[in-house]
Amino acid sequence: MNSSIVKEKLFINGQWVETENTQKIYNKYTGEVFSEVCIADENLVDQAIEAAEFAHKHTVFAPDYRYTVLMRTAELLKENIERFAKIIAQEGGKPITDAKAEVNRSVSTIIMAAEETKKLVGEIIPNYNHQGRFIYTIKKPIGVVAAITPFNFPLNLVVHKVAPALAAGNPVILKPASSTATIAIKFCELLEKAGVPKGYIQCVVGSGSTVGEQLLKDERIAHYTFTGSPEVGKHIKRTIGLRKATLELGSNSATIVHSDADIEKAASKLAKMAFAHAGQICISVQRILIQNSVKEKFMEKFLQEVSLLKVGDPLNPQTNVGPMISEKEAERIEQWVKEAVDEGAKVLIGGKREKSIYYPTVIMNARKGMKVMDEEAFGPIVVVSTYETIEEAIELVNDSKYGLQAGIYTSDINLSYKIPYLLEVGGVIVNDTCCFRADQMPYGGVKESGNGKEGPSYAIQELVETVTVVVNIEG
Ligand code: NDP
């Protein structure tokens, strides 16, 4: 192992803690060791929860100071964009240009959360049938929040959970994805520098099956904010009983290309977004539905654009598609494509693997019952199908157990207003792909894509308790 690699410590109760037990994190492109991270045992996780509970019950984290801490953190992150992006590119395999975009987005997500500290207002409830009572609501921090995060946006999804939770005044226990934990630790270093009070942020690294499970079972945790696979999301729901959870899960998102759209523009953008971060985005374009009459025009441009995508080293600014998170995941995609082909699907481009790199792959003639169609692929593959009428296209989009986002390209203004009512998804993107997210928008799915909304001003509402106060003003 490279001797310059330092042991990354855990952050518990305002202290950096070194452990005997460590885990190596690898560079996802070169396969070399990138970092060595301490692992929390049962006792340390317990200490983290205890410290968070103590902070919640016995210390004050006033709104104006929350604002100061978050704004300082945003400033510090801004000064470290290049360094943070390089970490994401190496331990996460994300192309450096996209990694920089992620860090920039994280800066603005923190600022948006900071602004929310000024907006946590209650209401005065009209008193029309109970004279003599003054009724109002206050918003209190909900309590200890556990943030469990995935590998694919290892910084911005940490920020989407930690920043609103702190803005609401809650202590947070962060359990990042094991394969990309370094960037989460680096983010906690910035929070510490920015002056976050003792006990308000803890970072405990360890596997989902140990550290994650312990967090789920501990009744001192009031709220879970989770982004990850539907499988783990369902498990969380079953385990935590009546305690609350925000669950951002997966999808096999679709984009419709209607014949009245700008077909060339749609084809170019779809070629880029179907393979961004090697398809490892929860709203990645997995299904393209193209109206039959424009199929040929679309496919010609689409395949040409896909063939131009640069595949390879994430640190090269020209790279569009980097490695998948592991060779095992690339092998899984290879197997799914093989199964589909065995059952009659056709690979038009790609279908090739080199270690953890899977080449951008376009599939036609896939049908229901095939994994590439029904399950979340979370890899660089896209399935193209055709339809005759818009009603048929809507039925195809909705014929999924998931419902995160959908896209539609059309110049029909009436259709663009009508279709959000007909699609069973949490977000509809008109004249762009389903793979669009602005950090300020309410973001979250229906069906097996989860529940609750993220976006700082929406997330914070789930991270406060609304308490009703009734004052008998005649008593
Ligand atoms: P996983 O569900 O495998 O892991 C997510 C997090 O949960 C990790 O920190 C993981 O830990 C942890 N975890 C695993 N098992 C448990 C458990 N039993 N108890 C508690 N925590 C556990 O997802 P991935 O990291 O592979 O991320 C990919 C998934 O995330 C995809 O399904 C994708 O669609 C979804 N996603 C959804 C988004 C949305 O906003 N809707 C956005 C981005 C991704 P460990 O790493 O140690 O296994």
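What counts as what
Residues numbered from 1 in each chain as written. Predicted model: local features only at pLDDT ≥ 70, side-chain atom pairs only at ≥ 80, totals over all residues. Heavy atoms only, no water. Helix = DSSP H or I, 4+ residues; strand = E, 2+ residues; numbered from the N terminus. Rg over C-alpha atoms; globule rule 2.2 N^0.38 Å. Buried < 20%, exposed > 50% of the residue type's maximum accessible area, 1.4 Å probe, protein only. Contact = heavy atoms within 4.5 Å. Areas by Shrake-Rupley, 256 points an atom, 1.4 Å probe, with all protein chains shown as cover. Disulfide = S-S within 2.5 Å. Salt bridge = Lys/Arg side-chain N within 4 Å of Asp/Glu carboxyl O. Patch = residues over 30% accessible without salt bridge, like charges linked within 9 Å, V, L, I, M, F, W, Y side chains within 5 Å. Lys, Arg positive; Asp, Glu negative; His and termini not counted. Charge placed at Lys NZ, Arg CZ, Asp CG, Glu CD. 1 Å grid on protein atoms, 1.4 Å probe; cavity = no way out; pocket = protein on both sides within 12 Å on 5 of 7 lines; lining within 4 Å. Points joined across faces, edges and corners; volume = space filled by probe spheres on them. Nonpolar A, V, L, I, M, F, W, Y, C, P; charged D, E, K, R; others polar. Axes fitted to C-alpha atoms, helices over the stretch in contact; angles between N-to-C directions. Parallel < 35°, antiparallel > 145°, perpendicular 65-115°, else oblique. Left-handed = near helix turned anticlockwise from the far one by under 90°. Near = heavy atom within 4 Å. Polar contact = N/O pair within 3.5 Å; in protein donor to acceptor, adjacent residues only side chain to side chain. Sits in = over half its atoms within 2 Å of the grid points. pLDDT = per-residue confidence, 0-100. Expected span 1.5 Å × (residues − 1).

A.B. asks: Can you help me understand the overall build of the protein chain in this one?
C.D. replies: Across its full length, the protein chain holds 15 helices and 25 strands. Relative to the globule expectation of 23 Å for 475 residues, the C-alpha radius of gyration of the protein chain, 23 Å, shows essentially globular dimensions. Dimensions of the protein chain, computed from the C-alpha atoms along their principal axes, are close to 75 × 70 × 40 Å. Taken across its 475 residues, the protein chain has 55% of its residues classed as buried. Of the contacts formed within the protein chain by residues at least 6 apart in sequence, a portion of 73% connects residues at least 24 apart. Here the protein chain displays about 20100 Å² of accessible surface, and carbon together with sulfur accounts for 51% of that area.

A.B. asks: What's the story with the state of the cysteines in this structure? I'm lost.
C.D. replies: Defined simply, a disulfide is a covalent bond joining two cysteines at their sulfur atoms. Evaluation of the coordinates by the stated rule reveals 0 disulfides. Counting only cysteine sulfurs, Cys203 is the nearest neighbor of Cys188, a cysteine outside any disulfide, at a range of 4.3 Å. A residue is classified by how much of its surface remains accessible, and Cys188, at 0% relative accessible area, is buried.

A.B. asks: Explanation requested: the pattern of salt bridges in the structure shown.
C.D. replies: A side chain of one charge can pair with a side chain of the opposite charge if their charged atoms are brought near each other. Enumeration according to the criterion identifies 28 salt bridges in this entry. The partner of Lys234 in a salt bridge is Glu448, and the shortest N-O contact between them spans 3.2 Å. In this pair, Lys234 is assigned in helix α8 (residues 230-239) and Glu448 in the loop between β23 (446-447) and β24 (450-451), connecting sequence segments 214 residues apart. Take Lys234: its relative accessible area is 39%, and that puts it in the partly exposed class. In this structure, Lys269 engages Asp432 in a salt bridge whose closest nitrogen and oxygen atoms are separated by 3.0 Å. With a gap of 163 residues between them, Lys269 in helix α9 (residues 263-273) and Asp432 in the loop between β22 (427-430) and β23 connect regions that are remote in the sequence. Several salt bridges share partner residues, and in doing so they unite Glu8, Lys186 and Glu189 into one network.

A.B. asks: Would you explain a nonpolar patch on the surface in this entry?
C.D. replies: A cluster of nonpolar side chains, Ile124, Phe134, Val471 and Ile473, forms an exposed patch at the surface whose accessible area comes to about 380 Å². By secondary structure assignment, the location of Val471 is in strand β25 (residues 464-472).

A.B. asks: What is the right way to read a negative patch on the surface from this model?
C.D. replies: Together, Asp262, Glu264, Glu296 and Glu300 give the surface a local cluster of negative charge. Relative to the helices and strands, Glu264 is located in helix α9.

A.B. asks: Teacher, can you tell me more about empty space enclosed by the protein here?
C.D. replies: A water-sized probe rolled over the atoms picks out the places where empty space is left. The final tally for this structure, using the stated rule, is 3 cavities of 30 Å³ or more. Taken as a whole, the largest cavity spans an internal volume of roughly 50 Å³. Of all the elements in the fold, those that place two or more residues in the lining of the largest cavity are α5 (156-167), β11 (221-227) and α15 (456-462). Among the residues forming the lining of the largest cavity, the class breakdown is 2 nonpolar, 4 polar and 4 charged.

A.B. asks: Please clarify how the packing of helix α3 (residues 81-92) against helix α6 (residues 181-193) should be interpreted in this entry.
C.D. replies: A packed helix pair is summarised by two numbers, namely the angle formed by the two axes and the spacing between the axes. Viewed as axis vectors pointing N to C, α3 and α6 meet at an angle of 160°, and their least axial separation amounts to 9 Å. Here α3 is positioned roughly antiparallel relative to α6, judged by the angle of their axes. Crossing geometry of α3 relative to α6 is assigned as left-handed. Across the interface between the two elements, Arg83, Phe84, Ile87, Ile88 and Glu91 of α3 pack against Ala181, Thr182, Ile183, Lys186, Phe187 and Leu190 of α6.

A.B. asks: Even after reading the chapter, I still don't get unusual backbone geometry, so can you show me in this structure?
C.D. replies: Note on backbone geometry: most residues besides glycine have negative phi, and most peptide bonds are trans. In this structure, His277 takes a positive phi of about 45° despite not being glycine. Following the sequence through the fold, His277 ends up in the loop between α9 and β14 (287-291). Look at His277 and you get buried, because its relative accessible area is 3%.

A.B. asks: I tried to follow the site of the ligand on my own but got confused; where do I start?
C.D. replies: The environment of the ligand is formed by 31 residues, the closest being Ser178, Ser229, Leu249, Cys282 and Glu376. At 2.3 Å, a side-chain N or O of Glu376 approaches an oxygen atom of the ligand. Here the ligand occupies the largest pocket. Sorting elements by how many residues they give to the shell around the ligand places helix α7 (residues 208-217) first, with 4 residues. When its residues are assigned to classes, the shell around the ligand shows 15 nonpolar, 12 polar and 4 charged.

A.B. asks: Would you explain the layout of surface pockets in this entry?
C.D. replies: Of the pockets and cavities examined, the largest pocket occupies roughly 1200 Å³. Taken together, 42 residues line the largest pocket, and the ones lying closest to its centre are Phe151, Gly228, Ser229, Glu231 and Val232. Of the residues that constitute the lining of the largest pocket, the class distribution is 16 nonpolar, 14 polar and 12 charged. The volume enclosed by the second largest pocket comes to roughly 640 Å³. Lining the second largest pocket are 32 residues, with Arg105, Phe153, Met273, Ala276 and Ile281 sitting closest to its centre. Put simply, the parts of the chain that give the lining of the second largest pocket at least two residues each are α4 (96-116), α5 and α9. Among the elements that make up the lining of the second largest pocket, the one with the highest residue count is α4 (5 residues).

A.B. asks: Please explain the confidence of the model for the protein chain as it appears in this structure.
C.D. replies: A low pLDDT means the predicted coordinates there should not be read in detail. Predicted confidence across the protein chain gives a mean pLDDT of 97, with 99% of residues reaching 70 or more. Averaged over each element, pLDDT in the protein chain is lowest for strand β6 (residues 124-125) (95) and highest for strand β8 (residues 144-148) (99).

A.B. asks: Mind showing me how you'd approach α6 here?
C.D. replies: Owing to its 3.6 residues per turn, the α-helix aligns residues three or four sequence positions apart on the same side. The terminal C-alpha atoms of α6, which comprises 13 residues, lie 19 Å apart, in line with the 18 Å expected from a rise of 1.5 Å per residue. Burial analysis of α6 places 10 of its 13 residues in the buried class, which makes it a mostly covered element. Considered for burial, the residues of α6 that qualify are Ala181, Thr182, Ile183, Ala184, Ile185, Lys186, Phe187, Cys188, Leu190 and Leu191. Within two residues after α6, Gly195 carries a phi angle of roughly 95°, on the positive side.

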